[in-house]
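Descriptive analysis of the structure
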Amino acid sequence: MENFSLILAIVVVTALAFDFTNGFHDTANAMATTISTGALKPKIAVTMSAALNLVGAFLSVEVANTISKGLVDENGIRPEVIFAALVGAILWNLVTWLVGLPSSSSHALMGGLIGATVASAGLGAVHGDVLVTKVLLPAVAAPVVAGLAAMLATRLSYGIGKNADDNATRKGFRAGQIASAGLVSLAHGTNDAQKTMGIITLALIAGGSIAPGSNPPTWVILSAGLAIALGTYIGGWRIIRTMGKGLTDLQPQQGFAAQTSAATAILASSHLGFSLSTTHVVSGSVMGAGLGRKGGTVRWSTATRMMVAWVLTLPAAALVGALAESVTDLGDWGTAVVTVFLVAASAAIWKLSRREVVDSGNVNDTDAPEPAGVVTTAIAAVTPPPAGTVTEDLTATIPAPAAAAPATDPAATV
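Since the model is a prediction, treat every value here as computed from it, not as a measurement.

1. Looking at the overall build of the chain
Each helix and strand counted, the chain has 16 helices and 0 strands in total. Intrachain contacts of the chain at a sequence separation of at least 6 include 88% that bridge at least 24 residues. Accessible area for the chain stands at about 18400 Å²; split by element, carbon and sulfur atoms hold 68% of it.

Shown next, in the form of structure tokens:
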């Protein structure tokens, strides 16, 4: 590493900070359903997930190569551009974590990189074909495919175990759920940890430290794996609550089906080099599992808020990345201003989060029931009341007749 400048060091540290936020932002992807169904204690779940994320980081570099070699033109990209991209991604991760929304860390990173690159080198520096085929199309298709697979797997699970002892069935599926949760954690390491590897590798190429087209160095793989594992261990409890309890109420059979479907989709995407959002996949599989159980429901108001966040992630992170790049382009003092802003904004978000603490002790506490929607209210308005209600209501609202006057004795008036 001949030309490891100060700005390059700042970019590497910021990239690892993003990787850390990615870890606690996406812990829910692997462990929310396992925690919500009681298959594992919260702390044990995040420890297991952290270890497997670290292992998964060493299994492949295909996604890292998509980031470092495919998405943007690596020629002419300065380290400051990558720093600006990371600022957009980190701030979006922290804001969505604060409100408990499982948005995509991957798309936040993509959006920040695209916005900063366009601000620096123009639209021509973004490879549109890679963006469409390896980012946007998987973003639409993956949650749908995972959701349908989870719905079918849920129905199959209940069908197979309908005549079995209920307690034995639950124990069996909880054991299967632990295994499938481990698989999701491993898959997450193979996909999301690689995105940070790709960003650091792109920065090293831009800074002249390694040759264009190089694969991530070993120290980059190790540091990215450790950063995402540490973030996972910290536990993004707010998002775990939303994913585990906010979307639907899951039974062990549903949790097993959701996680198995998600892990399959993520591992297949990692093998093909698709920069997939694990959040989208797991959210889709959880909703599919909710619909797969007879009588199961999905809280569509929560799902709608999540989908709005998904749509906003790329453009919002791109806008922040572009603005950050415009400031860093002013020189070293501009980079210093952006750095101070990032630290101050992160500290402010953390302070706001302390107003209502969510941790391993209360992550499974349910929030207030979801308010009735327009359709539910309308149905209730025209539904006949239960037997006895009318009588009770009339008794309560119609005044009792006045007491009859006592009969008059004719003899007494004479």
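2. Observations concerning the side chain of His 280
Structurally, His 280 can be placed in helix 11 (residues 278-292). Residue contacts for His 280: discarding those within four places in its chain leaves Ser 104, His 107, Ala 139, Pro 143 and Trp 310.

3. Digging into the packing of aromatic side chains
Taken as a whole and judged by the stated rule, the model has 2 aromatic pairs. A ring pair is formed by Phe 20 and Phe 24, whose centres lie 5.6 Å apart and whose planes are at 75°; its orientation type is edge-to-face. In this pair, Phe 20 and Phe 24 are both assigned in helix 1 (residues 6-36), 4 residues apart and thus about one turn of the helix distant. Since its relative accessible area comes to 28%, Phe 20 is described here as partly exposed. The rings of Phe 20, Phe 24 and Trp 97 are connected pair by pair, giving a single aromatic cluster. Over the ring of Tyr 233 we find Lys 43; its NZ or CZ atom is 5.4 Å from the centre of that ring. One cation-aromatic arrangement involves Arg 238 over Trp 97; the distance from NZ or CZ to the ring centre is 5.5 Å.

4. Looking at the nonpolar core
With 69 residues, the main nonpolar core has Ile 82 and Leu 86 as its most contacted residues. Broken down by element, the residue count for this core peaks at 13 residues, all from helix 4 (residues 79-98). When neighbours within four sequence positions are excluded, Leu 86 is seen to be in contact with Val 11, Thr 14, Ala 15, Phe 18, Leu 109 and Ile 199.

5. Regarding helix 11
The end-to-end C-alpha distance of helix 11, which contains 15 residues, comes to 21 Å, matching closely the 21 Å that a straight helix rising 1.5 Å per residue would cover. With 14 of 15 residues buried, helix 11 is to be regarded as a mostly interior element.

6. Thoughts on the packing of helix 11 against helix 12 (residues 300-328)
Close contact between helix 11 and helix 12 brings their axes to 12 Å; oriented N to C, the two are set at 160°. One element, helix 11, and the other, helix 12, form an angle in the roughly antiparallel class. Viewed along their axes, helix 11 and helix 12 form a crossing whose handedness is left-handed. Taken together, the residues of helix 12 that come into contact with helix 11 (itself represented by Thr 279, His 280, Ser 283, Met 287 and Leu 291) are Trp 300, Ala 303, Met 306, Met 307 and Trp 310. Residue classes in the contact of helix 11 with helix 12 are distributed as 7 nonpolar, 3 polar and no charged.

Cut-offs and rules
- Residues numbered from 1 in each chain as written.
- Predicted model: local features only at pLDDT ≥ 70, side-chain atom pairs only at ≥ 80, totals over all residues.
- Heavy atoms only, no water.
- Helix = DSSP H or I, 4+ residues; strand = E, 2+ residues; numbered from the N terminus.
- Contact = heavy atoms within 4.5 Å.
- Areas by Shrake-Rupley, 256 points an atom, 1.4 Å probe, with all protein chains shown as cover.
- Phe/Tyr/Trp six-rings, centres within 6.5 Å; stacked < 30°, edge-to-face > 60°.
- Buried < 20%, exposed > 50% of the residue type's maximum accessible area, 1.4 Å probe, protein only.
- Lys NZ or Arg CZ within 6 Å of the ring centre and 35° of its normal.
- Core = buried A, V, L, I, M, F, W, Y, C linked by side-chain atoms within 4.5 Å.
- Expected span 1.5 Å × (residues − 1).
- Axes fitted to C-alpha atoms, helices over the stretch in contact; angles between N-to-C directions.
- Parallel < 35°, antiparallel > 145°, perpendicular 65-115°, else oblique.
- Left-handed = near helix turned anticlockwise from the far one by under 90°.
- Nonpolar A, V, L, I, M, F, W, Y, C, P; charged D, E, K, R; others polar.

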